[in-house]
Amino acid sequence: MRNYYTLNVILFVLSACTDMCWSGPCYPIPGDTRANPTAQAMAQHSFFESAKYYKPACKDMRVDNAKYKGLTGWGDDWSETWTINSCGVQLQGDVVFNPNGHVSRNVGLKEIK
């Protein structure tokens, strides 16, 4: 039974990645991100979902900036700080990408005052 659920999750993620814009508007991420478009879309989706905590009804979210911070020390993984605008509220969070083009982890958003 466990393999069935794992397979469904993998198929869902793979089908979502075929449409790069599943989590909002599709546009080049401003700043100096080094992630490929698929990883950018995954990070954007994750951050937009987290941003709903601050503005639950907001439909106007965008990435204002992505800043490369450098290697993390875990192999070739690197870290970036992304700034999200959620209906006028500025939020910032860190995301770690790996060389395979995946999001390794992201750290929750915090409001910039």
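Residues numbered from 1 in each chain as written. Predicted model: local features only at pLDDT ≥ 70, side-chain atom pairs only at ≥ 80, totals over all residues. Heavy atoms only, no water.

A. Structural context of the overall build of the protein. A tally of regular secondary structure across the protein gives two helices and five strands. Written out in order from the N terminus, the α and β elements of the protein read α-α-β-β-β-β-β. Within the protein, the fraction of its 113 residues that count as buried is 35%. A sequence separation of at least 24 residues applies to 41% of the contacts in the protein between residues at least 6 apart. Carbon and sulfur atoms provide 56% of the accessible area of the protein, an area that totals close to 7000 Å². (Helix = DSSP H or I, 4+ residues; strand = E, 2+ residues; numbered from the N terminus. Buried < 20%, exposed > 50% of the residue type's maximum accessible area, 1.4 Å probe, protein only. Contact = heavy atoms within 4.5 Å. Areas by Shrake-Rupley, 256 points an atom, 1.4 Å probe, with all protein chains shown as cover.)

B. Structural view of the confidence of the model for the protein. Chain-level statistics for the protein give a pLDDT mean of 79 and a share of 76% at 70 or above. Looking across the protein, the model is least confident in helix H1 (residues 2–18), with a mean pLDDT of 41, and most confident in strand S2 (residues 78–86), with 95. Every residue in residues 3–20 is under pLDDT 50, and counting partners more than four places away or in other chains gives eight contacts. (pLDDT = per-residue confidence, 0-100.)

C. Main features of the packing of aromatic side chains. Tallied over the entire structure, the rule returns four aromatic pairs. Look at Tyr 53 and Tyr 54: their rings are 5.2 Å apart centre to centre, the planes differ by 90°, and that puts the pair in the edge-to-face class. Judged by relative accessible area, which is 69%, Tyr 53 ranks as exposed. The class of Tyr 54 is partly exposed, set by a relative accessible area of 28%. Among the aromatic residues, those joined into a cluster by ring pairs are Phe 47, Trp 78, Trp 82 and Phe 97. Looking at Arg 34, its charged tip hangs above the ring of Tyr 68, at a distance of 3.5 Å from the centre. (Phe/Tyr/Trp six-rings, centres within 6.5 Å; stacked < 30°, edge-to-face > 60°. Lys NZ or Arg CZ within 6 Å of the ring centre and 35° of its normal.)

D. Representation of unusual backbone geometry. Even without a glycine there, the phi angle at Cys 87 is positive, about 50°. Turning to its location among the elements, Cys 87 is positioned in the loop between S2 and strand S3 (89–98).

E. Quick look at the nonpolar core. Within the largest apolar cluster, 20 residues are counted, with the highest numbers of intra-cluster contacts made by Trp 82, Ile 84 and Phe 97. Breaking this core down by element, the ones donating at least two residues are helix H2 (37–51), strand S1 (61–71), S2 and S3. Looking at this core element by element, the count peaks at five residues for H2. Discounting chain neighbours no more than four positions away, the residues touching Phe 97 are Ala 35, Ala 39, Gln 40, Ala 43, Asp 77, Trp 78, Glu 80, Trp 82, His 102, Val 103 and Ser 104. (Core = buried A, V, L, I, M, F, W, Y, C linked by side-chain atoms within 4.5 Å.)

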